[in-house]
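Structural characterization, general
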Amino acid sequence: MQLSILDQSVALAGQGEDAAIRDTLALAEHAEALGYARFWLSEHHGLPTIVGSAPEILMAAVAARTRRIRIGSAGVMLPHYSALKVAEQFRVLEALAPGRIDLGVGRAPGGDMRIAQALNPNAYGAAEHFPEQVRDLQAWTSLPAHRGLAAHPHGAHAPQLWMLGSSDYGAQLAAHLGLPYAFAYFFMDGQGVERALELYRTLYQPSERHPRPQATICVWALAAERADEARHHALSRDHWRLARARGQLGPLQDPDAIAERGFAAEDAPALEAMRAKAFVGETAEVAQRLRRLAASLELDELVINTWAFRPEVRRRSYALLAREFGLEAQGAR
């Protein structure tokens with residue numbers, strides 16, 4: 001089993017948002033040392049919680065600090081941009097880290113429509129052209145020229161294009177274009193994952209670079225030496241999800257303060273439902289549940305996303321899972 005990481009540069013209460021960006025860089029170095037296969041970065045805009053707004057810039061910084069781990073976007077929200085410009089950016093990244101660049105793309109705005117329109121004045125119609133954009137991007141990242149234009153610099157390697165999604169749409173488009181596919185399991189606690197992967201595999205049309213379907217999912221998980229410790233640190237995300245459902249967004253809160261305050265009685269059903277599907281607990285238990293999920297979906301790779309108010313808790317969770325899955329031995333092969 002191969003494990004990878006999705007990092008979202010989550011802001012913490014009482015700290016500047018810039019600290020989240022620096023923590024992402026530290027985590028990337030930690031992930032490589034632990035033997036993780038990929039380190040992916042998300043793109044969000046106008047949010048006071050998830051402050052990673054420019055994955056292509058962060059990827060360059062990660063490339064300068066690492067030597068082995070694959071680095072990727074999860075993803076570039078393509079309707080905001082020109083496909084040619086994205087191709088150029090990722091060809092530069094490939095020159096910086098040859099053979100290590102993943103270009104994950106998505107169709108969602110990564111923020112509200114006001115943000116989308118500020119990024120692209122034609123935002124309301126841009127998503128309709130997403131399939132065409134992906135085809136252009138596929139060509140410009142792998143061919144010397146396309147539509148009479150070339151994306152530079154050229155080199156011996158090309159970025160690996162991934163389709164991201166949380167619905168049937170992305171699965172079908174990835175299958176049609178012969179691209180690897182990553183399902184955002186953590187968005188909806190896995191709702192729709194079986195159908196999306198079935199559609200992807202059934203409809204897959206082999207491409208030159210990817211003769212067989214290649215799929216993964218991203219799950220949210222937090223492991224600790226003791227289950228009660230893990231559940232305590234997961235309070236930060238529990239609180240954030242409840243607040244988000246009410247339209248209240250802000251930095252991640254200290255679990256000690258949340259535990260002292262407690263939750264309102266009316267939050268109990270939502271909390272129970274969230275926790276029933278959460279990969280939170282003692283390391284062996286979390287790893288067993290992750291293995292069962294991967295086996296049921298016929299996957300040989302999982303991407304792990306972990307939030308914690310204390311950076312050392314998050315790093316420890318990734319270290320515990322790496323040890324449980326034997327990643328250091330895999331990385332040394």
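Quick look at the structure, then. (Residues numbered from 1 in each chain as written. Predicted model: local features only at pLDDT ≥ 70, side-chain atom pairs only at ≥ 80, totals over all residues. Heavy atoms only, no water.)

1. A word on the overall build of the protein
Looking only at helices and strands, one finds 15 helices and nine strands in the protein. Whereas a compact globule of 333 residues would reach a radius of gyration of roughly 20 Å, the protein reaches 19 Å, a difference of no more than 12%. When contacts within the protein are restricted to residue pairs at least 6 apart in sequence, long-range pairs at least 24 apart make up 74% of them. Positive and negative side-chain charges in the protein, numbering 35 and 38 respectively, have mean positions lying 3 Å apart. (Helix = DSSP H or I, 4+ residues; strand = E, 2+ residues; numbered from the N terminus. Rg over C-alpha atoms; globule rule 2.2 N^0.38 Å. Contact = heavy atoms within 4.5 Å. Lys, Arg positive; Asp, Glu negative; His and termini not counted. Charge placed at Lys NZ, Arg CZ, Asp CG, Glu CD.)

2. Some words on the side chain of D189
Inspection of the secondary structure puts D189 in the loop between β6 (181-183) and α8 (193-203). Exposure remark for D189: the relative accessible area of 18% places this residue in the buried category. A polar contact is formed between the side chain of D189 and the side chain of R241, at a distance of 3.1 Å. When near neighbours in sequence (up to four residues on either side) are disregarded, D189 contacts R241 and K277. (Buried < 20%, exposed > 50% of the residue type's maximum accessible area, 1.4 Å probe, protein only. Polar contact = N/O pair within 3.5 Å; in protein donor to acceptor, adjacent residues only side chain to side chain.)

3. A few points about the nonpolar core
Core analysis: the biggest nonpolar cluster contains 69 residues, and Y36 and I217 have the highest contact counts within it. Not counting residues within four places of it along the chain, the set of residues in contact with I217 comprises F183, Y185, V193, L197, L293, L297, L299, E301, L302 and V303. One finds A74, A182, A230 and W307 within the second-largest nonpolar core, a separate group that totals 26 residues. (Core = buried A, V, L, I, M, F, W, Y, C linked by side-chain atoms within 4.5 Å.)

4. Brief notes about the pairing of strand β5 (residues 160-165)
With respect to burial, β5 is a largely interior element, six of its six residues being buried. Side-chain alternation along β5 places Q160, W162 and L164 on one buried face and L161, M163 and G165 on a second face that is also buried. Here four bridges tie strand β4 (residues 101-106) to β5, and the two strands are oriented parallel to one another. Residue pairing across strands places D102 opposite Q160, the latter belonging to β5. In terms of strand pairing, β5 meets β6 through three bridges, oriented parallel. Pairing of L164 across the sheet is with A182, part of β6. After leaving β5, the chain enters helix α7 (residues 168-177) and then returns to the sheet as β6, a path that is right-handed. (Pairing = 2+ DSSP bridges. Right-handed = clockwise from strand over helix to strand, strands pointing away.)

5. Considering helix α10 (residues 235-245)
Here α10 lies mainly inside the structure; eight of its 11 residues are buried. Regarding α10, the residues found buried are L235, S236, R237, D238, W240, R241, L242 and A243. Contacts made by the buried residues of α10 are with β7 (215-224), α9 (227-233), α11 (255-261) and α12 (268-276). Taken from the residues just after α10, G247 is the one with a positive phi, measuring 80 degrees.

6. Points about the pattern of salt bridges
A complete count under the given rule lists 17 salt bridges for this structure. D102 is the salt-bridge partner of R70, the closest N and O atoms lying 2.8 Å from each other. With a gap of 32 residues between them, R70 in strand β3 (residues 70-77) and D102 in strand β4 connect regions that are remote in the sequence. Since its relative accessible area comes to 0%, D102 is described here as buried. For R114, the salt bridge goes to D112, with nearest N and O atoms at 3.3 Å. By relative accessible area, which is 69% here, R114 ends up exposed. Linked by salt bridges that have partners in common, D7, D23, R314 and R315 make up one network. (Salt bridge = Lys/Arg side-chain N within 4 Å of Asp/Glu carboxyl O.)

7. Quick word on unusual backbone geometry
Backbone torsion omega between A74 and G75 reads -5 degrees, so that peptide bond is classified as cis. Locating G75 in the fold gives a position in strand β3. With an omega dihedral of 5 degrees, the bond running from H152 to P153 counts as a cis peptide bond. Phi at S9 takes a positive value of approximately 50 degrees, unusual for a residue other than glycine. Judged by relative accessible area, which is 3%, S9 ranks as buried. Non-glycine residue R147 carries a positive phi angle of around 55 degrees. Secondary-structure assignment places R147 in the loop between α6 (130-140) and β5.

8. Considerations on α7
Of all the positions in α7, only G170, A171, L173, A174, A175 and L177 are classed as buried. On its buried face, α7 sits against α6, β5, β6 and α8. G178 lies just past α7 and shows a positive phi near 70 degrees.

9. Here we look at the packing of aromatic side chains
Enumeration over the complete set of coordinates arrives at seven aromatic pairs. Here Y181 and Y200 contribute two aromatic rings whose centre-to-centre distance is 5.4 Å and whose plane-to-plane angle is 35 degrees, an arrangement assigned as tilted. In this pair, Y181 is assigned in strand β6 and Y200 in helix α8, connecting sequence segments 19 residues apart. Just as Y181 is buried, Y200 falls in that class too. Judged by centre distance (4.8 Å) and plane angle (65 degrees), the rings of F186 and F187 are edge-to-face. Residue classification places F187 among the partly exposed positions, given a relative accessible area of 41%. Connected via pairs of aromatic rings, a cluster forms that spans Y181, Y200 and Y204. (Phe/Tyr/Trp six-rings, centres within 6.5 Å; stacked < 30°, edge-to-face > 60°.)

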